[in-house]
Amino acid sequence: MLALLAVQWTTADSNIPTRIIKGFKASPSRSSAQFEPLLTDIAGVFAFGFLRISSAKLDLAIIHQPSTQQVWRANPFNLANWGNSTTFFFNGNIVLTDESIQDSTIWSSKSAGGDYLALSNNSNLQIYASPADSSIWQSFDYPFDTLVQGQKFSSASTASLVTADKRYTLRIGIAYLALFMEFHGSQEMNYWKHTARRANALKDIYALVLPLGFLGIFYVSDGKIVDGIPFDSFERGLLGFHRLTLESDGNLYAYYWNNDTWVSVYTAQTEPCGLPGKCGAYGICIPGSPTQCTCLVNGTDGCLQSDSGDFCGNQNTGFSVIRKSGVTVEYIDIMETIAVGSLDECEKTCEQSCVCWGALYSNAAKHCYIMDYPIQTVEKSGASYSGYFKLRSNGQGPAVHKEKHQHKRGHRAVIVVVVTFTLTFAGIAAYGGYWWWDKKRNSLSIIQLGSAPKQQPEPNKDSDTK
């Protein structure tokens, strides 16, 4: 059972503590509960405890109790087992251990000197030190995939929002907020960006979800507001609790709690085809019909699997090419852009760069938009755009890449056979023509000899001598 010191608690118990003091220990029970609380705020709206992940794993988490919506997780990328081997304890530092794992410490807040742990009414988990009751650590500084009302998201820190599969991140930089798709290694692609209108490019900013229904952007130095992203709830005058969440599809959503359910009030990328994973790698999305996906090239199961890396080095140089007219991407305005004179120049620019995976060419603007990351979803557009896309062909990527390369070699082999046959046939024809002409010439010579006067043979001088 769930052991909280010497007392047993259940999720239905109204006596969940509002403060945890130094020396507290707990392990998850053997029940099938999805969440077992260790701590709650005074109003009972938020709770901190064990959150079951899949069927046999757990993470420390904070949930919104009326909806069971998680708003924070401690360590989503290194989970503990749900069982007696796992222990949570507070010794001035929050620690989660699992004795069944060699390195038993799964996660720690890495704080020191704390006397008690408490949860605020806006879900902020804090460690306090007595006697001044000063906060020495808070969960708001370490977000997972969600920002809640009153939680600062600052460019002065390294914090970012990230999905559970580490595929997508939201980052805040000097004067901007941006969404990225992450690949293996250091590769990334930026597919959405909001630039603060009045922000100084040399000053740190922070973003804050406000109860009025918008994301405010402020200077860190003086708290002066420099921009804001309004939600639908702001336009409708809905005052209440909001959260901003980066979801598994890579889009950023804002929600408003109406005391019954979470209502969606903001979407960062409003065009579904603008999400790089919508139709997968080498997929084509149709605006207005985002569930209808086609492929630039077919794989063994739909389009190709996502790749990573580049074409630099002796082992990665081979590739074949797909050309497709009438395709673009929603985020073309924030891509690397080069002025060129023609489509051919755009293609050669990418062809000669080992870090380039593809390029989009605008015939109207004479611009070449470089894709220095593996090809993801593109969208169908007018004929003014043309796409040039590389396919890895040296065995480093999916098997279909090799098949494509082998097909290309086979095509070249067919050309060689056809050319060889043509030259051989031409040679035979030429020889046959010469043979016919030579025979005809010899026949004419015989006829001419037959019609000429016969000459008497000359006397044999040797015979006369005899």
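Residues numbered from 1 in each chain as written. Predicted model: local features only at pLDDT ≥ 70, side-chain atom pairs only at ≥ 80, totals over all residues. Heavy atoms only, no water.

The name given to the protein in an unreviewed UniProt entry is non-specific serine/threonine protein kinase, and the organism recorded there is Rhynchospora pubera. On record in UniProt, under Subcellular location (unreviewed entry), the comment for the protein is "Membrane". Comment text from UniProt for the protein, heading Function (unreviewed entry), reads "Involved in sporophytic self-incompatibility system (the inability of flowering plants to achieve self-fertilization)." (UniProt positions renumbered as here; feature names shortened; annotations may be inferred.)

1. Examining empty space enclosed by the protein
Counted under the stated rule, the structure contains 2 cavities of 30 Å³ or more. Taken as a whole, the largest cavity holds about 40 Å³ of empty space. Taken together, Val71, Trp72, Ser123, Ser139, Phe140, Thr146, Val148 and Gln151 form the lining of the largest cavity. Only β8 (69–73) and β16 (146–148) provide two or more residues apiece to the lining of the largest cavity. For the lining of the largest cavity, the residue count by class is 4 nonpolar, 4 polar and no charged. Estimates place the volume of the second largest cavity at around 30 Å³. Lining the second largest cavity are Val329, Tyr331, Met371, Tyr373, Pro374, Ile375, Gln376, Thr377 and Val378. Of the residues assigned to the lining of the second largest cavity, the class counts are 7 nonpolar, 2 polar and no charged. (1 Å grid on protein atoms, 1.4 Å probe; cavity = no way out; pocket = protein on both sides within 12 Å on 5 of 7 lines; lining within 4 Å. Points joined across faces, edges and corners; volume = space filled by probe spheres on them. Helix = DSSP H or I, 4+ residues; strand = E, 2+ residues; numbered from the N terminus. Nonpolar A, V, L, I, M, F, W, Y, C, P; charged D, E, K, R; others polar.)

2. Quick notes on the nonpolar core
Ranked by size, the top nonpolar core spans 57 residues in total, and within it Leu244, Tyr282, Met335, Leu360, Met371 and Phe389 carry the most contacts. Counting residues in each nonpolar core, the second largest holds 34 residues, with Trp72, Ile106, Leu117 and Ile127 among its members. (Core = buried A, V, L, I, M, F, W, Y, C linked by side-chain atoms within 4.5 Å. Buried < 20%, exposed > 50% of the residue type's maximum accessible area, 1.4 Å probe, protein only.)

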